[in-house]
Amino acid sequence: MTSRRMQVSALAVGVLLLIAAPWVLAPFSITLMNYIGLYALVALGLVLLTGVGGMVSFGQTAFMGIAAYSTAWMTTVMHGSPWLGLVLALVLTALVAAILGAVTLRLKGHFLSLGTIAWGLAIYFSFGNLPGLGQNTGLPDVPPITIAGISLEASGRIYFLIWFLLLVAIWLSHNLLGSRMGRAMQALRGGTSMVESLGINAFGVKLVTFVIAAMMAAFAGWIYAHMIRYVNPTPFDVTMGIEFLMMAMVGGSGYLSGAIVGAALITLLQNSLQDWLPVVFPKSAGQLEVVVFSALFILFLQYAREGIVPFVAGLLPKQAPPRPARAEPLARRSQPTPGLPLLSVEAATRRFGGLVAVDEVSFELKSGEILGLIGPNGAGKSTMFNLVTGALRPSAGTIRFAGQDITPAAQRKIAQAGIARTFQHVKLRPRMTLLDNVMLGTHTRTKASFLAGMLRLDRAEEARARQVAMDDLARVGLDADPYELAGNLPLGNQRVLEIARALAADPVLLVLDEPAAGLRRQEKLRLAELLANLRKEGLTILIVEHDMEFVMNLVDRIVVMEFGRKLCEGTPAEIRADTRVQEAYLGGVA
Amino acid sequence: MALLEIDNLTVSYGKAEAVRGVSLNVETGRIVTVIGPNGAGKTSLLTAAMGLLRAGGTLRFDGEDISQLETEKRIEMGLCLVPEKRELFADMSVYDNLLLGGFIGRHDRARVRSDMDAVFDRFPRLAERRTQKAGTLSGGERQMLALGRALMGRPRLLMLDEPSLGLAPLIIREIFHIISSLRETGVSILLVEQNARAALETADFGYVMETGEIGHSGPAEGLIHDPRLIATYLGAGH
Amino acid sequence: MTAQIAAFLTVDGVTTGSIYVLIALGFVLIFAVTRVIFVPFGDIAAFTALTLSALQTKHLPGTVGLVAALAALATLLEVIRLARARRPGQIPRALLFYLVLPLIPAAAVWATAGMTLPLPVTIILALALILPIAPLLDRVVFRPIADGTVLLLLTVSVALHFALVGLGLLFFGPEGVRTEPMSDYMVMVAGVPVSGQTLMIMAAAVIFSGLLFLFFEFTITGKSLHATAVNRTGARLMGIRPERAGTIAYLLGSLLAGISGILISPVNTIFYDSGFLIGLKAFVGAIIGGLVSFPVTAIGALFVGILESFAAFQNSAFKEVIVFGVLIPVLMWRSYTFAHSEEDIDE
């Protein structure tokens, strides 16, 4: 509790200092502060986009430029008010960002970043060449912003607008990261297959994140135009794009405060370089500035990729927040009647080029049972698994779930229909807490939008989702420290945590991919007990596993695969007695 | 004398330990096998022995401590790994794959040529397909190419990771015959396998590995009838 | 547009396209072997042209200092690494490769600065001086993070480009240069005048593409580079050192960039920062080739040259916008067909 109070008072002191700054600091320092605030606003968008969402963009300056040119055109050519300029800037930037996002966000990894360089350059060259925008000389005489008749021409006045906007943006982003959609954004780095397996529309989340980041750049661009009172193409070059990226990364991309720290550090560094470089190198200071800068950035990326904020945060004493107050958990769905067919796979076939990984495999899964899918390495189990969860589409055959044909359905839709899965190579978000990881599982059961999350309108639903997550952590025995980071768990517990995340989706069918791999004996026994308990609760489980002891003692029935085909099917005792299975496992040479 | 001595080897991925204090020896000219189910840490063991993974513990090769040596130096000393995924150069011809197998001896053209002839003698099917792209070969042929490519480097210790993986029974039989026949070249072999019976029938000595540790070990023909082995594989209860 | 104009534009486009071919091949070569998208590659081309011009005007080019400084830095890093790994026996070899070899051309240029030398000699000197830059940058900048994601390498690469542009301004000043034409030969083809320089550019593109093909097809070094590109682990297991393969790729790439820089400087005025746009346009070609296929890359680069030429005729103000705009659909197409997706970008 005291730590919370300390945080609040530190925040209050910070805000008071910010308010007092124009009366205390020299005008030049205020000008610097204005730049820091503006840059921090753009960097904040990059923190969300790159640090949180994992999408590296070199193109943020283009959005800043679109906004700056929009408002400059509105006020100088059309003689409209700066506020009309703001509306135009926001609408136009959002529109361009949505279109560019729709096109480039489907690109993967470095292709996406290259795409941002491409349209960043295209937009930059457009500024200098579009008729009516003053070509390379730009648009002069942009009027200052006025609020209620007060002109914000003086740097000591626009200062308040900049820092007010920045603090509001940070507050909104902070709320967002603690909400349903914020968690989805943080999950993006775990890869599309994990995100979609949770029922999250990965592309949609990327696109909205992208537009939010562009909007922050747009606000910065709007203020920039009215602060400098002159707009030309030069400041919106790709060079500036890398500087923004640098700010976000140096501060610690992934941390909201990293945006301010990074912007401040880079701006001040730039400023002091401008001071002392001419002293040391009187002739070539201007040229050397960018060299020193780039070299520092490279050194930073080589040795301290994490950034400053996480480094400092690591030095401060940590105090876990109190356990969440109890709340009513989210409503659960009704489980189907036990014994009825739930999943039926009919002659499923999957080819990869000439290779047939799964060849006309059929089996059925009844509600309330645990079915084991076993077979030697390379038998096609994983492919079968991917067909059921929608990660792959069958080349032929059908898969029905609860009476519905899910063969052509997207992975996300299958997740929403009630199939939850785990991964053979654990896919958790190591930097998120256990609680947040499990809450990701509740995505399909909750509704809060981006806006609701930003404005904290989602608190009631959040509390209920949190309760679900706490309950599921307790169910799997990981509730001792819900605020521990998932990456700090040993592998065995990470697997269990994945199961808790799957359970949080309130699934009808739980599909587990080698859950016992790499577990110690005791851990396996505990896992088997957990799964047996889940069966008692009426959950249906499909388990792909190598560990025969584990499978034999747990499941109701077994399907054995070999060379892509179904070898046989039966109870554990029948399977153990089957000579074909012994042959398949101990080797067929003798 | 032991050609390879592994002493108390430990491999961890973050906090997860894949190999915990494994010690084993490969005597000169012998075939030694490490068997065990998926996830037992067998691949990590070989990868660490090759120097591709950071590991704790000591490795000695021919009496010399190689724990700190880089992978390339180990290869020059005569270690060779045929990995689980084979790692062939898929869009290059069989001939080019073999040529690159002899990369460390590339300056001696006569040696490369005679080694290549020897490989083609041992694997007539590769000779038939010398101009074919490695990626278009069948599973068994790929494994043969992987073995042939490894032999081109004149290894003293050949480490084979799951050579039977994904192969049909008949082909597995053929591959293990070939492995047996490599004995005559004097190469020592460390064979990691899930296919316990085939491996033990080929090897002189066996280690059983489970969850990162060596459970038991002994001469291969003794292990093959060991009830504890069947327990490890079919889980008939401990 | 008349047929005459179209023919003229095509010749013009093929000329620029040929330059892009040389640079694009280098991009693909370096990316395939090292996974680095070497953004400063265009700068290497521009620096060669500027160095040549400095030699012709009897100035000492700043690239001499750059090579010397990089060589010293790389040697220092390498000696520290070897000392830490307790392998002092390898230090003499490191000194030879990282210090002595790069300093030979630097010393040669320094010693001959101010002399009047025949054109071929200055060209060879300029090329020799430029060659060590990229391999040394590789040692200093990229090798410490060789295991990073393509994205990290790309970010570093972009930063490196800005550093080089800054240095370019420092070394060569803001004025553009145009070097002496290598021939004044002129021929009419289908009513379009084609200069000797144009023919040389086209010939260079053909010859060096051919040499590159022969290198990969018939030499064990070329094959080891190819092997590193298609399967890094497999290559390492054969005893092929990825670092060495990387150095060779950088050397060859620099040679291609250097030659294109020398060929373009009598045709276009080259500024300290011209490399970026030339490089990026070549890069569009490389992307068309998916950063893997040399023949498709060459076709892609030619296409970019022709597109640029026609775009400039239609609307000169927007030619850059059009060229970079084209990159987006190409990237989309490539992103779907490219096998090496980086599914997980985990920390």
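Residues numbered from 1 in each chain as written. Chains lettered and ligands numbered in written order. Predicted model: local features only at pLDDT ≥ 70, side-chain atom pairs only at ≥ 80, totals over all residues. Heavy atoms only, no water.

### Some details on the overall build of chain C
Point 1. The helix and strand inventory of chain C stands at 14 helices and two strands.
Point 2. Its C-alpha radius of gyration of 20 Å places chain C within 12% of the 20 Å reference for a compact globule of 347 residues.
Point 3. Taking the contacts inside chain C whose residues are at least 6 apart along the sequence as the reference set, 76% of them involve residues at least 24 apart.
Point 4. Accessible area for chain C stands at about 13,400 Å²; split by element, carbon and sulfur atoms hold 70% of it. (Helix = DSSP H or I, 4+ residues; strand = E, 2+ residues; numbered from the N terminus. Rg over C-alpha atoms; globule rule 2.2 N^0.38 Å. Contact = heavy atoms within 4.5 Å. Areas by Shrake-Rupley, 256 points an atom, 1.4 Å probe, with all protein chains shown as cover.)

### Quick word on the overall build of chain A
Point 1. Each helix and strand in chain A was counted, giving 23 helices and twelve strands.
Point 2. Expressed as lengths along the three principal axes of its C-alpha atoms, the size of chain A is roughly 85 × 55 × 45 Å.
Point 3. Here chain A, with 590 residues, has 57% of them falling under the buried criterion.
Point 4. In chain A, of all internal contacts separated by at least 6 residues, the share reaching a separation of at least 24 is 74%.
Point 5. When the accessible surface of chain A is split by element, carbon and sulfur atoms take 62% of a total near 23,500 Å².
Point 6. Within chain A, one finds 49 positive and 40 negative side-chain charges whose respective centroids are separated by 3 Å. (Buried < 20%, exposed > 50% of the residue type's maximum accessible area, 1.4 Å probe, protein only. Lys, Arg positive; Asp, Glu negative; His and termini not counted. Charge placed at Lys NZ, Arg CZ, Asp CG, Glu CD.)

### Describing helix α19 (residues 491-503) of chain A
All names here are of chain A.
Point 1. Taking 1.5 Å as the rise per residue, α19 with 13 residues should run 18 Å; its terminal C-alpha atoms sit 19 Å apart, in good agreement.
Point 2. Within α19, eleven of the 13 residues are buried, which leaves the element mostly enclosed by the surrounding structure.
Point 3. Regarding α19, the residues found buried are Gly-492, Gln-494, Arg-495, Val-496, Leu-497, Glu-498, Ile-499, Ala-500, Arg-501, Ala-502 and Leu-503.
Point 4. In this structure, the buried side of α19 is in contact with α8 (192-197), β8 (419-421), α16 (434-440), α18 (459-476), β9 (509-513) and α20 (521-536). (Expected span 1.5 Å × (residues − 1).)

### Here's the deal with the domain arrangement of chain A
Residues and elements named next belong to chain A.
Point 1. Each assigned domain of chain A is listed with its residue range as follows: domain 1 (13-236), domain 2 (335-418 + 507-590) and domain 3 (430-501).
Point 2. The gap between the C-alpha centroids of domain 1 and domain 2 is 49 Å.
Point 3. Listed per partner, the contact involves seven residues of domain 1 and four residues of domain 2.
Point 4. Where domain 1 abuts domain 2, roughly 440 Å² becomes buried across the two surfaces, and 51% of that area is made up of carbon and sulfur atoms.
Point 5. Put simply, domain 1 and domain 2 have one salt bridge between them.
Point 6. In this structure, Arg-412 and Glu-196 form a salt bridge, with 3.4 Å as the shortest nitrogen-oxygen distance. (Domains from an automatic or database assignment. Buried area = accessible area lost by both parts, 1.4 Å probe. Salt bridge = Lys/Arg side-chain N within 4 Å of Asp/Glu carboxyl O.)

### Here we look at the packing of helix α4 (residues 91-112) of chain C against helix α5 (residues 119-130) of chain C
All names here are of chain C.
Point 1. Here α4 crosses α5 at 140°, and the two axes come no closer than 8 Å. When the axis of α4 is compared with that of α5, the two are oblique. Handedness of the crossing formed by α4 with α5: left-handed. Of the residues in α5, those touching α4 at Pro-105, Ala-106, Ala-108, Val-109 and Thr-112 are Leu-125, Ala-128 and Leu-129.
Point 2. For the contact of α4 with α5, the class distribution of residues is seven nonpolar, one polar and no charged. (Axes fitted to C-alpha atoms, helices over the stretch in contact; angles between N-to-C directions. Parallel < 35°, antiparallel > 145°, perpendicular 65-115°, else oblique. Left-handed = near helix turned anticlockwise from the far one by under 90°. Nonpolar A, V, L, I, M, F, W, Y, C, P; charged D, E, K, R; others polar.)

### Section: the sheet that holds strand β6 (residues 79-82) of chain B
By definition, the strands of a sheet pair up through backbone hydrogen bonds, in either a parallel or an antiparallel sense.
All names here are of chain B.
Point 1. Overall, mixed pairing links the six strands, which are arranged β6-β7-β8-β3-β9-β10 in an open sheet. At either margin of the open sheet sits one strand with a lone partner, and together these are β6 and β10 (213-219). Across this sheet, the average inter-strand angle for adjacent strands is 15°, counted without regard to direction.
Point 2. Alignment of strand β3 (residues 31-35) against strand β9 (residues 205-210), held across four bridges, turns out to be parallel. Bridge pairing in β9 places Val-32 opposite Phe-205.
Point 3. Each of β3, β6, β7 (157-161), β8 (188-193) and β9 touches helix α1 (residues 42-49); the most contacted strand, β7, lies at about 150° to it. (Pairing = 2+ DSSP bridges.)

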